[in-house]
Amino acid sequence: MFKIPDHQVAGHQASNGMMGPVVDDSGLFFKPLQKDERGSKEVAFYESLASNIDVPDKIRAYFPTFHGTQLIPASDGSGLHPHLVLQDLVSSYKNPSIMDIKIGSRTWYPQASEEYIQRCFKKDRETSSLALGFRLSGLQVHVSKEAGYWKPDRKCFQNSSAEIVKNVLKKFVSSNISADLDAGDLDFDCAFAPSVYGGSNGILAQLLELKSWFEDQKFYHFYSCSVLMVWDKEPNAAAAIKLVDFAHVVDSKCAIDHNFLGGLCSLIKFISEILTNPHACPNKPCSDSNSNCNGDSSDR
Ligand SMILES: Nc1ncnc2c1ncn2[C@@H]1O[C@H](COP(=O)(O)OP(=O)(O)OP(=O)(O)O)[C@@H](O)[C@H]1O
Ligand SMILES: O=P(O)(O)O[C@@H]1[C@H](O)[C@H](O)[C@@H](OP(=O)(O)O)[C@H](OP(=O)(O)O)[C@H]1O
């Protein structure tokens with residue numbers, strides 16, 4: 001009944017005896033409550049959101065539907081464990097291309113321990129978070145039925161320059177791609193950019209709608225939260241953005257979430273530039289020769 005998700009691109013994953021999310025065949029995603037306060041904080045956030053009548057429905061739709069918590073067998077075989085029961089955001093897609101983008105130049109929350117802050121701060125500095133206001137946390141791009149997915153090592157792009165980040169965002173919506181990043185000299189055609197990023201219901205329009213809420217909302221500050229972008233070449237499969245990972249959401253203390261808003265604006269600028277001028281930026285292969293950026297292209 002429960003199985004390891006076919007399409008998880010970041011975060012803690014169920015493998016090698018580690019506990020991770022599982023899905024069922026009815027469209028539910030079960031995320032194990034994480035250690036320390038993380039799990040209870042994420043539950044508290046979903047409960048707060050569910051009872052917050054001031055969050056407009058159109059904004060609520062950017063969050064996975066929450067169905068409470070449930071004790072189910074943990075994926076690592078350790079027995080029953082409480083899980084968040086969430087809408088599976090990708091179950092309606094046949095061959096989803098997915099990108100998890102961790103938003104904010106700063107991923108640590110104010111009340112965190114000094115040790116945690118230092119760890120996050122180091123990672124924010126070493127990745128693109130500090131410079132760009134977001135980092136690519138994980139991704140997969142459907143190449144073709146035969147080639148499967150391009151799913152690069154998720155550590156590979158986290159410290160990327162603006163140029164490489166833009167290139168990955170272009171590859172995400174291109175038809176002339178291979179599963180091999182070394183084909184990076186190729187000028188990605190961005191063939192799907194108008195239908196995926198553009199249009200009145202496309203990803204840019206959704207990001208702008210979310211941004212307008214963040215310009216006002218003073219309920220929550222979202223640290224270390226991700227925007228998940230999903231699309232599929234199948235007809236009638238709408239491109240969507242969703243928010244995931246609320247283990248570090250804190251009370252706003254009546255202040256705008258400038259950290260999240262700034263990251264969102266930066267991502268919006270990247271996507272807008274690709275739409276306006278898809279061939280403006282020179283393509284560069286991953287510059288880190290120590291990284292395995294080729295990913296695996298298996299159809300999982
Ligand atoms: N509701 C969902 N439906 C489908 N897939 C999901 C859902 N929530 C999360 N995922 C998948 O799981 C990944 C990790 O999710 P999430 O960030 O919530 O996990 P995490 O273990 O808390 O991450 P981190 O290690 O960054 O704290 C996402 O990138 C996405 O691929
Ligand atoms: O804040 P927490 O609960 O400690 O969780 C970590 C946090 O979400 C980091 O942002 C994440 O790094 P990424 O940006 O690389 O996803 C890291 O993954 P890691 O353990 O794989 O480094 C998580 O363990």
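Residues numbered from 1 in each chain as written. Chains lettered and ligands numbered in written order. Predicted model: local features only at pLDDT ≥ 70, side-chain atom pairs only at ≥ 80, totals over all residues. Heavy atoms only, no water.

Naming follows an unreviewed UniProt entry, where the protein chain appears as Inositol polyphosphate multikinase of Cucurbita moschata. Quoted verbatim from the Function (unreviewed entry) heading of the UniProt record, the comment on the protein chain is "Inositol phosphate kinase with a broad substrate specificity." If you open the UniProt record of the protein chain and go to Sequence similarities (unreviewed entry), you find "Belongs to the inositol phosphokinase (IPK) family." (UniProt positions renumbered as here; feature names shortened; annotations may be inferred.)

*Asks:* Account for the site of ligand 2, with residues named and values stated.
*Replies:* Lining the immediate surroundings of ligand 2 are 13 residues, of which Arg38, Lys102, Tyr116, Lys123 and Arg154 lie closest. At 2.5 Å from an oxygen atom of ligand 2 is found a side-chain nitrogen or oxygen belonging to tyrosine 116. Contacts to ligand 2 include lysine 123, whose side-chain N or O atom sits 2.5 Å from an oxygen atom. Notes on ligand 2: free accessible area 500 Å², of which the protein chains cover 77%. (Near = heavy atom within 4 Å. Polar contact = N/O pair within 3.5 Å; in protein donor to acceptor, adjacent residues only side chain to side chain. Areas by Shrake-Rupley, 256 points an atom, 1.4 Å probe, with all protein chains shown as cover.)

*Asks:* Got a sec to walk through the state of the cysteines? Specific residues and values, please.
*Replies:* Tallied over the full model, the rule gives zero disulfides. The structure places no disulfide on cysteine 120, whose sulfur is separated from the nearest cysteine sulfur, that of cysteine 225, by 14 Å. Accessibility expressed as a relative area gives 8% for cysteine 120, which makes it buried. Unpaired in this structure, cysteine 265 has its nearest cysteine sulfur neighbour in cysteine 225, at a distance of 15 Å. Residue cysteine 265 is classed as partly exposed on the basis of its relative accessible area of 31%. (Disulfide = S-S within 2.5 Å. Buried < 20%, exposed > 50% of the residue type's maximum accessible area, 1.4 Å probe, protein only.)

*Asks:* If you had to explain the packing of aromatic side chains to someone new, which residues and values would you point to?
*Replies:* Tallied over the entire structure, the rule returns 21 aromatic pairs. Taking 5.3 Å as the distance between ring centres and 85° as the angle between the ring planes, the aromatic pair formed by tyrosine 46 and phenylalanine 246 counts as edge-to-face. Here phenylalanine 246 lies in the loop between strand S10 (240–244) and strand S11 (249–251) and tyrosine 46 lies in helix H1 (residues 38–51), a separation of 200 residues in the sequence. Three or more aromatic residues joined by ring pairs form one cluster here, namely Phe45, Tyr46, Phe63, Phe66, Trp213, Phe214, Phe219, Tyr220, Phe222, Phe246 and Phe260. Across from the ring centre of tryptophan 108, 3.8 Å away, lies the NZ or CZ of arginine 106, which sits over that ring. The lysine or arginine in question, lysine 171, covers the ring of tryptophan 150, its NZ or CZ lying 3.7 Å from the ring centre. (Phe/Tyr/Trp six-rings, centres within 6.5 Å; stacked < 30°, edge-to-face > 60°. Helix = DSSP H or I, 4+ residues; strand = E, 2+ residues; numbered from the N terminus. Lys NZ or Arg CZ within 6 Å of the ring centre and 35° of its normal.)

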